[in-house]
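# Understanding the architecture of this molecule
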Amino acid sequence: MIVQTSITLPDELVAELDQRAPRPEERSALIAEALRCFFITHRSTNDELKILDRHAEELNREAEDILDYQVIP
C-alpha cells in the first residue's frame, strides 16, 4: 500500500532532490529508498537490547569462560 504524505524540507534539499529526481514518482522513490537505508542503519536501541536479552545466557557463559582463563593462580 502506498500512502501520500506531505513533508517540509529545507530549500537546499528540495533543490538537490529536484536535480536528482525531477519527476514526482522519482522523488517519491528516492525519498522512500533514503528512509529505508536510514532505518536499516539506525536500528533503535530497543531492538539491540532485545537481541542482547535473547542471547544473554550464552554471552554470560562465554564471558565467564574467558574470565576463568584470565585468573592467575
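Residues numbered from 1 in each chain as written. Predicted model: local features only at pLDDT ≥ 70, side-chain atom pairs only at ≥ 80, totals over all residues. Heavy atoms only, no water.

If you trace the backbone, Ala 63 turns up in helix H4 (residues 56-70). By relative accessible area, which is 36% here, Ala 63 ends up partly exposed. Separated by 48 residues in the primary sequence, Ala 63 and Ala 15 have C-alpha atoms spaced 52 Å apart. (Helix = DSSP H or I, 4+ residues; strand = E, 2+ residues; numbered from the N terminus. Buried < 20%, exposed > 50% of the residue type's maximum accessible area, 1.4 Å probe, protein only.)

This paragraph deals with the confidence of the model for the protein. Of all residues in the protein, 95% have pLDDT values of 70 or greater, and the mean over the chain is 89. Per-element mean pLDDT across the protein ranges from 83 in helix H3 (residues 45-54) up to 95 in helix H1 (residues 11-20). (pLDDT = per-residue confidence, 0-100.)

Tallied over the full model, the rule gives five salt bridges. Across the pair Arg 23 and Glu 26 runs a salt bridge whose closest N-O atoms are separated by 3.6 Å. Glu 33 is paired through a salt bridge with Arg 36; the nearest N and O atoms lie 3.7 Å apart. One end of the pair, Glu 33, and the other, Arg 36, are both in helix H2 (residues 24-41), three residues apart, so they sit about a helical turn from each other. Exposure remark for Glu 33: the relative accessible area of 40% places this residue in the partly exposed category. (Salt bridge = Lys/Arg side-chain N within 4 Å of Asp/Glu carboxyl O.)

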